[in-house]
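Residues per chain, in single letters:
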Amino acid sequence: MKYNWSIIGHEKQLKQIEADVSSGNLAHAYLLAGPNSVGKHTVSRKLAGILQCENNFCHKCKTCIQIQQGNHIDTVELRDNKESIKLGDVKKLVERAMMTGQSRYKIFLIQSVERMTVEATNSFLKILEEPPAGTVFILTTNNIRGLLPTLVSRVRVIKFSSVSATYLADKLKELYPDRSDATIRQASLLSLGKTGKAIHLMENPDSLANYLKVYNDVQNFLRIKNRVDRFSYVEDIAADQRQVDVFLNILTHVLRSKVLEGDGNTEKHVKTLSKIEEAGMFLKKNINVRLVLENLMLSL
Ligand SMILES: [Zn+2]
């Protein structure tokens, strides 16, 4: 690899980006698409660093540090704040793109671009069609199917996916040689192949302990056959949004393992997994957590 990305996995994707940069075939807009916590936003910041740093992406200069911290003047971030990106936001972005910059490029990182309203997207498409020279848009999404096809057709799509637990465990071992095998095994399993999540779990023992607790809870939960008891369990976790995400992640993990093991209920598990994915989408749209979970319980 030409640059020091400090990222686990995604070698194919990073090599593609490097090839674009070094061959002068840089797209004016990239869309990094794939599941949450695999490192899409991290990659977008690093790509910005590669483009802006005048010292071969040194990680040390003011530019590199400011981009890493998200406060570089010509690397504008629209972070996912769970709110939609409206027409007014895009207009501000266009104004900023038109202004003269002080850096090599003017880069816009738009996280979770699926938050853009249709009206905003239509306005955004115009600048994508005729971007000011030196402008690069780096968009991320975990829901490429939720984007307008006209948007997708005007960006260079790079797809990211999760990595295998074994691969992750090997990489974690390299990064954290002093940690116990048990911790590494737990973090690589419970992160569901998501590299960003795995590192988070390694760095935050409380989170890892919580994941393990929920893991045990999920096992117990699946043993409950009585619908009333399941509903009351769900009511407990619905009170804490963060716990809901953990619960759904781990439920996904447990069911996927069951599918891989072939416990005879594959069809049922696959159906539930797609319901969990759907529930995740509803939760992103701020639909009542309890309703979403109860609905999910009905399909279990
Ligand atoms: Zn630098």
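Residues numbered from 1 in each chain as written. Predicted model: local features only at pLDDT ≥ 70, side-chain atom pairs only at ≥ 80, totals over all residues.

Judged by pairing direction, the sheet is parallel, and its five strands sit side by side in the order β2-β3-β4-β1-β5 without closing on themselves. Only two strands of the sheet have a single neighbouring strand rather than two, namely β2 (75-78) and β5 (156-159). Along the sheet, successive strands turn relative to each other by an average axial angle of 15°, direction set aside. Pairing of β2 with strand β3 (residues 106-110), which is carried by four bridges, proceeds in the parallel orientation. In the sheet register, Leu 78 faces β3, and the bridge partner there is Ile 110. This element, helix α2 (residues 40-52), spans β1 (29-33), β2, β3 and β4 (135-141) of the sheet and lies at about 165° to β4. (Pairing = 2+ DSSP bridges. Helix = DSSP H or I, 4+ residues; strand = E, 2+ residues; numbered from the N terminus. Axes fitted to C-alpha atoms, helices over the stretch in contact; angles between N-to-C directions. Contact = placed C-beta atoms within 7 Å.)

As assigned here, the protein chain comprises domain 1 (11-159) and domain 2 (204-298). The C-alpha centroid of domain 2 is placed 33 Å from the C-alpha centroid of domain 1. (Domains from an automatic or database assignment.)

Take the nonpolar core next. If you look at the biggest cluster of nonpolar residues, it comprises 37 residues, and the most contacted ones within it are Tyr 30, Leu 32, Ile 138 and Leu 139. Elements represented by at least two residues in this core include exactly α1 (11-22), β1, α2, α3 (62-69), α4 (87-98), β3, α5 (118-129) and β4. For Tyr 30, the contacting residues outside a window of four places in its chain are Ile 138, Leu 139, Val 155, Arg 156 and Ile 158. By size, the runner-up hydrophobic cluster in this structure holds 28 residues, among which are Leu 201, Ile 250, Leu 251 and Leu 296. (Core = buried A, V, L, I, M, F, W, Y, C linked by C-beta atoms within 7 Å. Buried ≥ 20, exposed ≤ 12 C-beta atoms within 10 Å, placed from the backbone.)

A few words now on unusual backbone geometry. Positive phi, close to 60°, is recorded for Ser 37, a residue that is not glycine. On the secondary structure map, Ser 37 appears in the loop between β1 and α2. Unlike most non-glycine residues, Phe 57 shows phi in positive territory, near 50°. Relative to the helices and strands, Phe 57 resides in the loop between α2 and α3.

Right, let's get into the environment of Leu 31. In this fold, Leu 31 is placed in strand β1. Given 23 C-beta atoms within 10 Å, Leu 31 falls into the buried group. Remark: the alpha-carbon pair of Leu 31 and Gln 241, spanning 210 residues in sequence, is separated by 28 Å. The residues contacting Leu 31, other than those within four sequence positions of it, are Leu 139, Thr 141, Val 152, Val 155 and Val 157.

Here we take up the packing of helix α11 (residues 227-238) against helix α14 (residues 289-298). Where α11 contacts α14, the two axes come as close as 10 Å, and the packing angle between them is 150°. It follows from the interaxial angle that α11 and α14 lie roughly antiparallel. Classified by chirality, the crossing of α14 by α11 is right-handed. Contact residues: α11 offers Arg 230, Phe 231, Val 234, Glu 235 and Ala 238, while α14 offers Val 289, Arg 290, Leu 293, Glu 294 and Met 297. Residues belonging to the contact of α11 with α14 are distributed by class as follows: six nonpolar, no polar and four charged. (Parallel < 35°, antiparallel > 145°, perpendicular 65-115°, else oblique. Left-handed = near helix turned anticlockwise from the far one by under 90°. Nonpolar A, V, L, I, M, F, W, Y, C, P; charged D, E, K, R; others polar.)

What follows concerns the packing of helix α7 (residues 165-175) against helix α8 (residues 181-190). A pair of packed helices is characterised by two quantities: the angle between their axes and the separation of those axes. It is the contact of α7 with α8, at a shortest axis distance of 9 Å, that shows an interaxial angle of 135°. Taken together, the axes of α7 and α8 are oblique relative to one another. For the crossing formed where α7 meets α8, the hand is right-handed. In this structure, α7 uses Ala 165, Leu 168, Ala 169, Leu 172 and Lys 173 to contact α8, whose residues at the interface are Ile 184, Arg 185, Ala 187, Ser 188 and Leu 189. In terms of residue class, the contact of α7 with α8 is made up of seven nonpolar, one polar and two charged.

Okay, the pairing of β1 next. Burial runs high along β1: five of the five residues are buried. Judged by which residues are buried, β1 turns out to be covered on both faces: Ala 29, Leu 31 and Ala 33 on one side and Tyr 30 and Leu 32 on the other are all buried. The pairing of β1 with β4 spans five bridges and is classified as parallel. Within β4, the residue paired with Leu 31 across the bridge is Leu 139. The sheet contact formed by β1 and β5 spans four bridges and is parallel. Looking across to β5, one finds that Tyr 30 is bridged to Arg 156.

Among the structural elements, Leu 222 can be located in helix α10 (residues 205-223). Classification of Leu 222 by C-beta neighbours within 10 Å gives partly exposed; the count is 14. Taking the C-alpha atoms as reference, Leu 222 lies 9.7 Å from Leu 255; in sequence the two are 33 residues apart.

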